[in-house]
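These are the residues of each chain, in order.
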2 protein chains.
Amino acid sequence: MSVSGLVIGIDGGGSKTLAWLADATYSYGAVPLGVGEAGPSNPQSVGWETALENMGRAVDTAFLAAGYSPCKIAAACVAMAGSDRENARHRLNEWSAGRELAERFLPVHDAAALLAAGTPDGYGVAIISGTGSLAFGRSESGKTARSGGWGYLFGDEGSGYAVAIAGLRAVASAADGRTAATLLTDRFLHELAIASPNEMVQAVYARQDDHTWLSSLSQIVVSAANEGDAVA
Amino acid sequence: MSVSGLVIGIDGGGSKTLAWLADATYSYGAVPLGVGEAGPSNPQSVGWETALENMGRAVDTAFLAAGYSPCKIAAACVAMAGSDRENARHRLNEWSAGRELAERFLPVHDAAALLAAGTPDGYGVAIISGTGSLAFGRSESGKTARSGGWGYLFGDEGSGYAVAIAGLRAVASAADGRTAATLLTDRFLHELAIASPNEMVQAVYARQDDHTWLSSLSQIVVSAANEGDAVA
């Protein structure tokens, strides 16, 4: 096994970063050697400095877990939301070059990695619905298309974030008497540990920048819907 | 004219704070004596510390403009979004007591002040549609009701913020090919000084916390609608 046969895959997400070091020279497929985990590396939520730091930590930890000193390897791929945009690609390429990560370096967006993981034939459609949302497809002939991935302000339809916000809107609207009463009111008051919908303003805006937390509130909507609440 | 006949009205907004000092003892109505202006005092956008500082500055400047040294006056009223909530009322009362502002102090939400200004008879419906939105009504018998005022995350229907976000969504959706092409695309690219919708992500998220700026983008939607754009 030569060091030059090593490859690394980095999954840079909004809640954590995973780096997998593998040996690609085995004839029956890549063999995983070590995994490293670090904090979030979605630059939209934590900024580029923290994102790159955590990617570096995940990579170093994967080398350590595999029993290697960090060295320049054959190839590396980073899967990260938005990394198909010019500016992001530039930052990632610079980072990879700066630490002499690999001979070949490829940043892809997270849906491309999902598609690769989910389809042995390499074509199909991948739907991401986490904190944000994005759809990405690749045809048999290699043609690709994407839709969504515009973030919480003007995209993210169908994401956890969008579902949670729709639930909060339903509670606000019901409190005003604009729409029907819903199970969601009691559920949100309970989750936020408050006594009345008016207090939602303070309870939610105090954590308005924590999109992971906001998205997690979508569970309330999903469980109320499962119990037959018409609004949810 | 006695100092005890002085009253002050403070309009605490998201972009500026205005304080009007007036003499209420004239038999033909209050006479404005001096106006003070300071920076924003909407605690949701600038935090309580800055909000109270700017209110203090506006009040001091109004006294100065009227030729008075700041002193305890007869009555003061603060109109501010959200000031009908318990926590806000408490903060404002503390601030007023701390600086010995007035014998009587009344915090009201901004729609109540709008209603008072707009209806000589004191009843009717006030609609606020600025950065945020709120409707407030008072009946002839004094019964009041409000709807909205839940902020940009789960309210603000019909506000400048909501209109601007809807415009950005239309451009994103058209760029994906999900909905019809619209004049809005060219207008937003021009306004943001970017070459393609993809660059909107960087251009807009860089200023995502500047709700006043985001709301101002609603002008683009309004002017495109006036020119007959179906999507706008």
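Note that the structure is a prediction, hence the values are computed from the model and not measured.

Rules used in this analysis
- Residues numbered from 1 in each chain as written.
- Chains lettered and ligands numbered in written order.
- Predicted model: local features only at pLDDT ≥ 70, side-chain atom pairs only at ≥ 80, totals over all residues.
- Heavy atoms only, no water.
- Helix = DSSP H or I, 4+ residues; strand = E, 2+ residues; numbered from the N terminus.
- Expected span 1.5 Å × (residues − 1).
- Buried < 20%, exposed > 50% of the residue type's maximum accessible area, 1.4 Å probe, protein only.
- Arc of directions from axis to C-beta.
- Contact = heavy atoms within 4.5 Å.
- Core = buried A, V, L, I, M, F, W, Y, C linked by side-chain atoms within 4.5 Å.
- Disulfide = S-S within 2.5 Å.
- Domains from an automatic or database assignment.
- Buried area = accessible area lost by both parts, 1.4 Å probe.
- Salt bridge = Lys/Arg side-chain N within 4 Å of Asp/Glu carboxyl O.
- Polar contact = N/O pair within 3.5 Å; in protein donor to acceptor, adjacent residues only side chain to side chain.
- Nonpolar A, V, L, I, M, F, W, Y, C, P; charged D, E, K, R; others polar.

We now examine helix H2 (residues 86-98) of chain A. One full turn of an α-helix is made of 3.6 residues, so residues set three or four places apart face in the same direction. Residues and elements named next belong to chain A. Given a rise of 1.5 Å per residue, 13 residues ought to cover 18 Å, and the 18 Å separating the end C-alpha atoms of H2 matches this to within 8%. Regarding H2, the residues found buried are Ala88, Leu92, Trp95 and Ser96. Down the axis of H2, the sector holding all buried residues measures 95 degrees, keeping them to one side. Summarising the geometry of H2, the exposed residues directed more than 90 degrees from the buried face are Glu86, Glu94, Ala97 and Gly98. Buried residues along H2 sit in contact with strand S1 (6-12), helix H1 (43-66), strand S4 (73-80) and strand S5 (102-108). Downstream of H2 by one or two residues, Glu100 has phi in the positive range, about 45 degrees.

Turning to the nonpolar core, a few remarks are in order. Counting 52 residues, the largest nonpolar core has Leu153, Phe154 and Met200 of chain A together with Leu153, Phe154 and Met200 of chain B as its most contacted members. Not counting residues up to four positions away in its chain, the partners in contact with Leu153 of chain A are Tyr161, Ile165, Arg169, Val204, Tyr205, Gln208 and Leu214 of chain B.

Residue and element names in this part refer to chain B. Enumeration according to the criterion identifies 0 disulfides over all chains in this entry. Summary of cysteine pairing: Cys71 is not part of a disulfide, and the nearest cysteine sulfur, belonging to Cys77, is at 18 Å. Judged by relative accessible area, Cys77 falls into the partly exposed class, the value being 28%.

Turning our eyes to something else, we now look at the domain arrangement of chain A. Interface size, as often reported, equals the accessible area lost upon joining of the parts. The domain boundaries assigned to chain A delineate domain 1 (3-108) and domain 2 (159-226). Between the C-alpha centres of domain 1 of chain A and domain 2 of chain A there is a distance of 37 Å.

Taken together, the contacts link 31 residues of chain B with 31 residues of chain A. Counting the surface lost from both chain B and chain A, the interface buries some 3,000 Å², and carbon and sulfur atoms represent 54% of this. Remark: the boundary between chain B and chain A carries 4 salt bridges. Between chain B and chain A we count 25 residue pairs in polar contact (both at pLDDT 80 or more) in total. Broken down by secondary-structure element, the contributors of at least two residues to the side of chain B that touches chain A are strand S8 (144-148), helix H4 (151-154), helix H5 (160-176) and helix H7 (200-205) of chain B. Its residues assigned to classes, the side of chain B that touches chain A comprises 15 nonpolar, 9 polar and 7 charged.

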